[in-house]
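# Structure assessment
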Amino acid sequence: MRIEDVQAIDIHSHFGPPHGGERETVITDRSAEKLLRSMKKANIAVSVNSSWYGLVPEGSGYSVRGNAQCLSDAEKHPEIYMWAIVDPHEPETFRQAEELLKHPKVLGLKIHPQLHGYRLMDEGEQLFSFASAHGAPVLGHAGMEGCMPADYGFFAGRFPDVPVIAAHLGCGFDPAPYIRALEENKAGNLYTDTSSAASIASDLLEFAVSRIGCGRILFGTDSQSYFSPCQRARIDKADLTDAEKLAILRGNALRLFPQLA
């Protein structure tokens, strides 16, 4: 089988409208139906999403409704799974997440310190204690001030039972902070994903794999911010072995989430 024929698992995606106007965007359709069309073009079998409504534009108070909207669409489409957004500024998200995590379409928790306006080092104890208590993996926006990979590495060390995905490998076109964080993670519970515009940088992915291996890198597109087939082609055409590509495209995700098989 050609690697292009492998059905990928996209661990980091979004759909749904924003809760207000978006700046500097030409995207007019963020529907689940458009997401499914993009998935088909990129040969993505499963997409794990968090609600755009709960995140964009910046600000708190919209995640409860966003989570509900996301689940409604996920229940209609077998290809769509979701992350439950939790926001320290919106306490109701924690009560909602307790129920959502019981749903077979909800794989874990999504956090976004940048858009929700907090520093991970200030709120992480609450967030990761909650994740640990409920057996929930965490996918978090990373690579920016207040939510660097080292911050995720700190809490991955504090809570070794929680799989932690520091998203956007190479955010800022520098993979070094991600590589250091994963190298220093002794419990093996810290991961990253490819859902960054930086993934197009020549040799960035290959360099990361040469340093930390392929076992803790997950495929993510950040759809619909980016064009999914471009993110897929970056893996298919990478200067890596087919075994490494297969691990990134779906194998690593299946180890964390065997129900996606």
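Our subject is the structure that appears above.
A brief look at the structure comes next. (Residues numbered from 1 in each chain as written. Predicted model: local features only at pLDDT ≥ 70, side-chain atom pairs only at ≥ 80, totals over all residues. Heavy atoms only, no water.)

## Notes on the sheet that holds strand β3 (residues 80–85)
- What the 8 strands build is an open sheet, ordered β1-β2-β3-β4-β5-β6-β7-β8; its pairing is parallel. The two strands at the open ends of the sheet, each matched to only one other strand, are β1 (8–15) and β8 (217–218).
- In this sheet, strand β7 (residues 190–193) lies alongside strand β6 (residues 164–166) in parallel orientation, the contact comprising 3 bridges. By the bridge assignment, Val164 is partnered in β7 with Leu190.
- The strands that helix α2 (residues 63–76) touches are β1, β2 (44–51), β3 and β4 (106–111); relative to β3, the one it contacts most, it runs at about 165°. (Pairing = 2+ DSSP bridges. Helix = DSSP H or I, 4+ residues; strand = E, 2+ residues; numbered from the N terminus. Contact = heavy atoms within 4.5 Å. Axes fitted to C-alpha atoms, helices over the stretch in contact; angles between N-to-C directions.)

## Comments concerning the packing of aromatic side chains
- Summed over all chains, the structure comprises 6 aromatic pairs.
- Ring centres of Trp83 and Phe257 lie 5.9 Å apart, and the angle between their planes is 80°; this geometry places the pair in the edge-to-face category. Separated by 174 residues along the polypeptide, Trp83 in strand β3 and Phe257 in the segment after α10 (242–256) bring together distant segments of the chain. The pair formed by Trp83 and Phe257 is uniform in burial state, with each residue classed as buried.
- Both rings, one in Phe94 and one in Phe130, keep their centres 5.1 Å apart while their planes meet at 90°; by these two values the pair is edge-to-face. Residue Phe94 is found in helix α3 (residues 92–100), and its partner Phe130 is found in helix α5 (residues 120–133); the two are separated by 36 residues along the sequence. There is no split in this pair, since Phe94 and Phe130 are both buried.
- Linked through ring pairs, Phe128, Phe154, Phe155 and Phe159 together constitute an aromatic cluster. (Phe/Tyr/Trp six-rings, centres within 6.5 Å; stacked < 30°, edge-to-face > 60°. Buried < 20%, exposed > 50% of the residue type's maximum accessible area, 1.4 Å probe, protein only.)

## Notes on the packing of α5 against helix α6 (residues 149–158)
- One way to put it is that α5 packs onto α6 with a least axis distance of 10 Å and a crossing angle of 30°. When the axis of α5 is compared with that of α6, the two are roughly parallel. Once α5 is placed against α6, the crossing between them reads as right-handed. Facing Leu120, Met121, Gly124, Glu125 and Phe128 of α5, the residues of α6 in contact are Asp151, Tyr152, Phe154, Phe155 and Arg158.
- By residue class, the composition of the contact of α5 with α6 is 6 nonpolar, 1 polar and 3 charged. (Parallel < 35°, antiparallel > 145°, perpendicular 65-115°, else oblique. Left-handed = near helix turned anticlockwise from the far one by under 90°. Nonpolar A, V, L, I, M, F, W, Y, C, P; charged D, E, K, R; others polar.)

## Details of the pairing of β3
- Extensive coverage of β3 is indicated by the burial of 6 of its 6 residues.
- Alternating residues of β3 divide into Ile80, Met82 and Ala84 and Tyr81, Trp83 and Ile85, and every residue in both groups is buried.
- Taken together, the 3 bridges between β2 and β3 define a ladder with parallel strand orientation. Each bridged residue has a counterpart across the sheet, and for Val48 the counterpart in β3 is Tyr81.
- The parallel pair β2 and β3 is bridged by α2, and the resulting crossover is right-handed.
- Where β3 meets β4, 4 bridges bridge the pair, whose relative direction is parallel. Bridge pairing links Ile85 to Lys110 in β4.
- For the crossover from β3 across α3 to β4, the handedness is right-handed. (Right-handed = clockwise from strand over helix to strand, strands pointing away.)

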